[in-house]
Amino acid sequence: MPPGSVAEAIPAVRARRIEGGGTVEVFFQIAPGSTRADERGQFASVVAQAEQALLDHGLGPSNIVCGWIHFAKAPGWDWREMLTSSWEVSGPLPLSAILQPPAAPFCFCTMQLHAVRSARQSGVWYGNSQKPAAATVMRAGARHLRLMSVTPRLDLRESADLVDMAYDMLAQAGHALTDRGLAFKDVVRTWIYVRDIEHNYRFVNQARNRFFAEQNMARLPASTCVEGALSGAAAPVAMDVYAVAAKGDVRVQAIAPGLMGEASAYGSAFARGCRIVEPGRKTLYLSGTASIDAHGRVVAVDDIKGQLDRTFENLRALLDGSGMDLCDVVSATAYLKRKDDFQEYLKAASAHGLSVETPTAVVVADICRPEWLWEIEACAVKSGPDLGKSD
């Protein structure tokens, strides 16, 4: 990268640690130690740095509840075997490997991890699309479940259209939730990856709208739906799911849309964000947020600087509605339509107050509207003894 560029200041390993209620929780973003290495060498560097970062926080691979590896292209080796061998673990971890190129120059792969140590954390279940890799954490009496790399059934891919495959993917997630004592009404957030999203987003939307209507969803989940595919998978659509079986003092709420209108007003079944309120803590999961006004219109068409500014304004308004700011963001993912906009993104993020130390993945991916040049999703946490009592 050019000497003196904003990107030079980004640490290869970034972490945000949260403690409270007998739980240690850490969000990580890990890049290769050097982009001069070949593709396999970069991945080995990321894996080694991830393991050391976990150890530095008193954690290990068994504490990972979810994670994402972003690859520039499908690796020519078995990344799962390489990872499990290096980490000396048996069986798969709850990680999704997504074909979404890192935006940083010469970077082949990056990794996001969310790791938790608590008194009650389950192991990881392995399976195919009917039983996706999963991890459960108990906190404040509520069960937090992650389902990773959910896809439609294999036998549908030759005969079904994309609407049916997307519907089946949602149904498979529903079955996996039911198997673990939850339901789709408990889903806080989804991440949906679609091949050729400009053409196929409307079909995924049709399936999602129909499935959620059939589920009588009183509260819509937060969501991101972007261009992407699981590495090594033939499915044209895939998803990750986060659900919480809330009870007692733990509540899940959809948030107000801030400066934007509700996505459901123009036919997209997701909330702008969801908030988990529990004793001493609020956690906010913000959907993919872009340059849009209160009427659903794209702001600053063909103007990356204008779109960056408006998107950060929208993001700040969503945070502000829950009494938070960008300093409370513990993890984020930015999706750029054009790799060449990476430096402009970094300048805007710094200007708007998103710290370079915040674990943030920046990848290249098309967005669901062709006019959008980027979008960002985020997770924010605020802790304090009085939080959760009256929210």
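Described in the following lines is the structure provided in the data block. (Residues numbered from 1 in each chain as written. Predicted model: local features only at pLDDT ≥ 70, side-chain atom pairs only at ≥ 80, totals over all residues. Heavy atoms only, no water.)

**Details of the packing of helix α5 (residues 304–320) against helix α6 (residues 342–352)**
The condition is simple: Every axis corresponds to a line fitted to the C-alpha atoms, with the helix fit spanning only the stretch in contact, and the corresponding angles, defined between N-to-C directions, vary from 0 to 180 degrees. Numbering of helices and strands starts at the N terminus; helices are DSSP runs of H or I of at least 4 residues and strands are runs of E of at least 2. The sense of a crossing depends on the near helix, which, turned anticlockwise from the far helix by less than a right angle, makes the crossing left-handed and, turned clockwise, makes it right-handed. In this analysis, two residues are considered to be in contact whenever any of their non-hydrogen atoms come within 4.5 Å of each other. Residues are grouped as follows: nonpolar covers Ala, Val, Leu, Ile, Met, Phe, Trp, Tyr, Cys and Pro; charged covers Asp, Glu, Lys and Arg; every other residue, Gly included, is treated as polar.
Across the interface, α5 lies against α6 with an axial gap of 10 Å and an inter-helix angle of 40°. For α5 against α6, the interelement crossing comes out right-handed. Two secondary-structure elements touch here, α5 through Lys 305, Leu 308, Asp 309, Phe 312 and Arg 316 and α6 through Glu 344, Tyr 345, Ala 348, Ala 349 and His 352. In the contact of α5 with α6, the residues fall into five nonpolar, one polar and four charged.

**A word on the nonpolar core**
Selection criterion: We call a set of buried residues a nonpolar core when its members are Ala, Val, Leu, Ile, Met, Phe, Trp, Tyr or Cys and they connect through side-chain atoms within 4.5 Å of each other. Summary of the burial criterion: residues with accessible area below 20% of their type's maximum are buried, those above 50% are exposed, and those between are partly exposed, where the area comes from a 1.4 Å probe applied to protein chains only.
Phe 184, Phe 312, Leu 319, Tyr 345, Trp 374 and Ile 376 are the most contacted members of the largest nonpolar core, which has 77 residues in total. Looking at this core element by element, the count peaks at 10 residues for helix α3 (residues 162–179). Aside from chain neighbours lying at most four places away, what touches Ile 376 is Ser 287, Gly 288, Thr 289, Thr 311, Phe 312, Leu 315, Ala 332, Thr 333, Ala 334, Tyr 345 and Leu 354.

**Re the packing of aromatic side chains**
Applicable threshold: Any pair of Phe, Tyr and Trp rings, taking the six-membered ring for Trp, is counted once the centres come within 6.5 Å. Such a pair is stacked with planes under 30 degrees apart, edge-to-face with planes over 60 apart, and tilted for the rest. Consider the ring centre and the ring normal. A charge sits over the ring if Lys NZ or Arg CZ is within 6 Å of that centre and within 35 degrees of that normal.
Applying the stated rule across the entire model yields 13 aromatic pairs. The interplanar angle of 50° and the centroid separation of 5.2 Å between the aromatic rings of Trp 68 and Trp 191 together place this pair among those described as tilted. Linking Trp 68 in strand β3 (residues 64–71) with Trp 191 in strand β8 (residues 187–194), this pair joins segments that are 123 residues apart in sequence. With relative accessibility at 5%, the residue Trp 191 sits in the buried group. Members of the aromatic cluster, connected to one another through ring pairs, are Phe 43, Phe 71, Trp 77, Trp 79 and Phe 108. For the cation-ring pair, Arg 146 lies above Tyr 242, with the distance from its terminal atom to the ring centre recorded as 4.0 Å.

Purely geometric numbers; function is a separate question.
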